[in-house]
Amino acid sequence: MKTKKLFSVLVVLAFVVTIMFAAQNVTAQSDGITLTTSNTTDTITIDGEKLESAWDDAEALVIPSIDGSGVDVVLRALTDDTHVYIFAAWNDSTMDNTRKGWAYNGTHWDNVGGNEDRISFAWSLGADIVCGHDPGTADAMLFDIWHWKASRTAVGGWADDKFWDGSGRHADSKTAGGYSDNSVVAQAENSSVITAALGNSTTVAAFSDADRPFWDNSGTEITWVGGVNSTAVGDFINGYKSVLPTGSRGDVVTESVHNGTAWNVEFKRALDTGNTDDDVTFSAGSSTPFYVAVHNNSGDDSHFKAGGAVPSTFQLSIPADSTPTTTTTPSTTPTGLDQTLLIGAAVVGILVVVIAIVIVRRR
Ligand SMILES: [Ca+2]
Ligand SMILES: [Ca+2]
Ligand SMILES: [Ca+2]
Ligand SMILES: [Ca+2]
């Protein structure tokens, strides 16, 4: 009888422990509207990968499409003392990041044309509803815009930091950097030698097959001798020279990975850029309305729209107590194994052994 009671107690205990650890292993889900940040003191490496253990603690907000595309955007957000980090992932089977790039065919440079994949965030600076909102003739500052472009900005590791007021979208101010057309015609004014090499650049359209790249992929101006580029010819040269801008336009740093089926983009921005005219300021306890859209090799209004039957305004919420006070230990668990499950399994295993010993002894 005693053995049976002990056995029952141990079985219940094992069950409770298992449930406890299983519950811990479930990724926290948002309410569908709120992207709540998780606080960390870990170093977040901006590389387009969420290998940092801090990301495991970040709640996922899944934003469903409203245009029938079925493309959901999954967002996670972290903060530390100085920065906000956002990890965005969405399915896109085509990696379109060669907008207007150059392919050398052995005799001349072909321009591959095309557009690029994109994701953009609009952070409210006063607007109530973000997506589909037409600023009209209002002159108030409405949105802080982060516009990641797979070709023009991603190549340089940044997202275009802009703003939207009553007269439309504008780029934040900068003192250097940004993206520039990698086109001899577009840059001809910078070099009379190149202009001469093309014959009469004024009759050649920029990015046409008669045009040529101005810089190589390291951003070095290509030297032309007698109409032939004197540098070693690569297979492909980007359509833009892209350099992280200095100034307000370069506040949003990114890195991205296309894994064959989806884009993964990791963003980093100061909680307070100091550019309060065109950037949203985040702080502990703040809740910021925002919207997000992704484009598949397109621009303008042809973007995928997210947010449910009626466009919702989402919120980036930073808990009021979000000041880091403890240092967490980086996870060393191999990919595919979860530490909490391993501990749970070990506890259950020990209990089973104890039960077996007790039963054998009682007999
Ligand atoms: Ca990372
Ligand atoms: Ca694509
Ligand atoms: Ca801005
Ligand atoms: Ca800015």
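Sequence order as written defines the numbering, with residues in each chain counted from 1. To read the labels, note that chains go from A and ligands from 1, taken in the order they are written. In keeping with the model being predicted, local features are shown solely for residues with a pLDDT of at least 70 and side-chain atom pairs are shown and tallied solely at 80 or more, while totals for entire chains, interfaces and linings include all residues.

K.L.:
Would you mind showing me how to read the overall build of the protein here?
P.N.:
Strands are runs of DSSP state E lasting at least 2 residues, helices are runs of H or I lasting at least 4, and numbering of each runs from the N terminus. Along its length, the protein carries four helices and 21 strands. Taking as baseline every contact in the protein between residues at least 6 positions apart, the subset at least 24 positions apart corresponds to 67%. Each residue gets a C-beta atom placed from its backbone, and two residues are in contact if those atoms lie within 7 Å.

K.L.:
What is the right way to look at the environment of Arg169 in this model?
P.N.:
With respect to the secondary-structure elements, Arg169 resides in strand 11 (residues 168-171). Three exposure classes are used, based on other C-beta atoms lying within 10 Å of a residue's own C-beta, which is placed from the backbone: buried for 20 or more, exposed for 12 or fewer, and partly exposed in between. Accessibility expressed as a C-beta count within 10 Å gives 16 for Arg169, which makes it partly exposed. Leaving out residues up to four positions away in the same chain, Arg169 has contacts with Ile145, Lys162 and Trp164.

K.L.:
Help me out: how do you make sense of the confidence of the model for the protein in this one?
P.N.:
Any segment with low pLDDT has predicted coordinates that should not be analysed in fine detail. Put simply, the protein has an average pLDDT of 79, and 66% of its residues get 70 or more. Predictor confidence is given residue by residue as pLDDT, running from a minimum of 0 to a maximum of 100. Taken together, the stretch residues 17-26 has pLDDT below 50 and engages in 14 contacts with residues farther than four places along the chain or on a different chain. The low-confidence segment residues 325-342, where pLDDT is below 50, has 18 contacts with residues more than four positions distant or belonging to other chains.

K.L.:
When you look at the nonpolar core in this model, what are you seeing that I'm missing?
P.N.:
In summary, soluble globular proteins display a tendency toward joint burial of nonpolar side chains. Structurally, a nonpolar core is described as a collection of buried Ala, Val, Leu, Ile, Met, Phe, Trp, Tyr and Cys residues joined by way of C-beta atoms within 7 Å. Counting 50 residues, the largest nonpolar core has Ala77 and Ala88 as the members making the most contacts within it. The greatest single-element share of this core, amounting to seven residues, is contributed by strand 5 (residues 83-91). Those residues in contact with Ala88, other than ones at most four positions away along the chain, are Val73, Leu75, Ile119 and Val265.

K.L.:
Which parts of the structure should I look at to understand the pairing of strand 21 (residues 314-317)?
P.N.:
Working note: regular strand, side chains alternate between the two faces of the sheet. Residues Phe314 and Leu316 of strand 21 are buried on one face, while the alternating residues Gln315 and Ser317, pointing to the opposite face, are not. Any two strands with at least two DSSP bridges between them are considered paired. By the bridge criterion, three bridges tie strand 1 (residues 34-36) to strand 21 in an arrangement that is parallel. By the bridge assignment, Leu35 is partnered in strand 21 with Leu316. Taken together, the four bridges between strand 19 (residues 287-295) and strand 21 define a ladder with antiparallel strand orientation. Note on strand 21: the bridge partner recorded for Thr288 is Leu316.

K.L.:
Would you take a moment to explain unusual backbone geometry for this structure?
P.N.:
Both trends apply: most residues other than glycine have a negative phi, and most peptide bonds are in trans. One non-glycine residue, Lys100, lies in the positive phi region at around 50°. According to the C-beta neighbour criterion, Lys100 is buried, with 22 such atoms within 10 Å.

K.L.:
Honestly, the environment of Ala154 in this entry has me stumped. Any pointers?
P.N.:
Mapped onto the secondary structure, Ala154 falls in the loop between strand 9 (143-149) and strand 10 (160-165). Classification of Ala154 as buried rests on a count of 23 C-beta atoms within 10 Å. What Ala154 contacts, discounting residues up to four positions off in sequence, is Asn97, Trp148, Lys149, Thr254 and Ser256.

K.L.:
It is not clear to me how the sheet that holds strand 15 (residues 236-237) should be interpreted in this structure. Could you clarify?
P.N.:
In any sheet, the strands associate via hydrogen bonds between backbone groups, in a parallel or an antiparallel arrangement. Pairing is antiparallel across the open sheet formed by three strands, whose spatial order is 7-6-15. Edge positions in the sheet fall to strand 7 (109-111) and strand 15, since each has one partner strand and no second. Pairing between strand 6 (residues 102-104) and strand 7: three bridges, direction antiparallel. Bridging from a neighbouring strand, Tyr104 pairs with Trp109 of strand 7.

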